[in-house]
Amino acid sequence: MRQLLIAFFLLIAAPAWAETRDPVTHFFQPKFGDLRVDLQEAKKQGKKGIFLFFEMDDCPFCDRMKTTILSQSDVQDDYRAKFLLYPIDVNGDTALTDFQGNATTEKAFAFGLRVRATPVLMFFDLDGKLMARHTGPVKDKAEFLLLARYVSEGAYATQHFTKYKQGK
C-alpha cells in the first residue's frame, strides 16, 4: 500500500516538475545590445512590445520571481508570445543603446528610468514608449499573467493595474 501511495504521489507531482524550465534560457532572450534593433525585431515578430526585468545580484525578490514564476513553462510561453523579454542588471556595466539611440550602460539606463529598487518590471511599446511599470515582485504566477494581459489588452491606457486586478 505504501508503494502504491508513493507511486500515486509521483504521478501527480510529475506534471508540475515537467512544467518548470530555466528562466535564463526559456524566459529571457538574447539581447542585441541596441534597444532600437530589439524594437525592430519585436515589430517583425508581431509582438506587443518589449518587457524589461530590472534586477540585481543578491535580490531575494528577483530570485523568488525567477525560481517560482519565470520558471513556469506556461508563463514563459505566454510572455514570449506577446513580448521580447530582457533582463537588465541595475548595477551592470554592459554597454547598451537605449530606445533613443544613446550609448549607455545597463546601470545608467536603469538609473535614468528611476529604478531604485528591484525587481522593476517595465513594458515598452513598439515605439519605445513606456506602457506600464510595476515595482516590486508580483504575488504569484496568476498575477504575473494578469499583468501581461493588462498590458497586451491596452488596459494600462485607462486604469491602474490595481484597479484592473479588482475587476478580474
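Note that the coordinates shown come from a computational prediction; the quantities given were computed from them, not determined experimentally. (Residues numbered from 1 in each chain as written. Predicted model: local features only at pLDDT ≥ 70, side-chain atom pairs only at ≥ 80, totals over all residues. Heavy atoms only, no water.)

1. A closer look at the overall build of the protein chain
And step 1. For the protein chain, the count of helices and strands is eight helices and six strands.
And step 2. Going residue by residue from the N terminus, the α and β elements of the protein chain occur as α-α-α-β-α-α-β-β-β-α-β-β-α-α.
And step 3. Classification of the 168 residues of the protein chain by burial places 43% in the buried group.
And step 4. For the protein chain, the proportion of contacts with a sequence separation of at least 24, taken over those separated by at least 6, is 65%.
And step 5. When the accessible surface of the protein chain is totalled, it reaches about 9,400 Å², and 56% of it is carbon and sulfur. (Helix = DSSP H or I, 4+ residues; strand = E, 2+ residues; numbered from the N terminus. Buried < 20%, exposed > 50% of the residue type's maximum accessible area, 1.4 Å probe, protein only. Contact = heavy atoms within 4.5 Å. Areas by Shrake-Rupley, 256 points an atom, 1.4 Å probe, with all protein chains shown as cover.)

2. Overview of the packing of aromatic side chains
And step 1. Evaluation of the coordinates by the stated rule reveals 18 aromatic pairs.
And step 2. For the ring pair tyrosine 150 and tyrosine 164, a centre distance of 5.1 Å and an interplane angle of 55° mean the geometry is tilted. On the criterion of sequence distance, the pair formed by tyrosine 150 in helix H7 (residues 141-152) and tyrosine 164 in helix H8 (residues 161-166) is long-range, its members being 14 residues apart. Accessibility classification places tyrosine 150 together with tyrosine 164 in one group, the buried group.
And step 3. Three or more aromatic residues joined by ring pairs make a cluster, and in this case those are Phe27, Phe28, Phe51, Phe53, Tyr79, Phe83, Phe123 and Phe144.
And step 4. One residue, arginine 116, lies across the ring of phenylalanine 111, its end atom 4.4 Å from the ring centre. (Phe/Tyr/Trp six-rings, centres within 6.5 Å; stacked < 30°, edge-to-face > 60°. Lys NZ or Arg CZ within 6 Å of the ring centre and 35° of its normal.)

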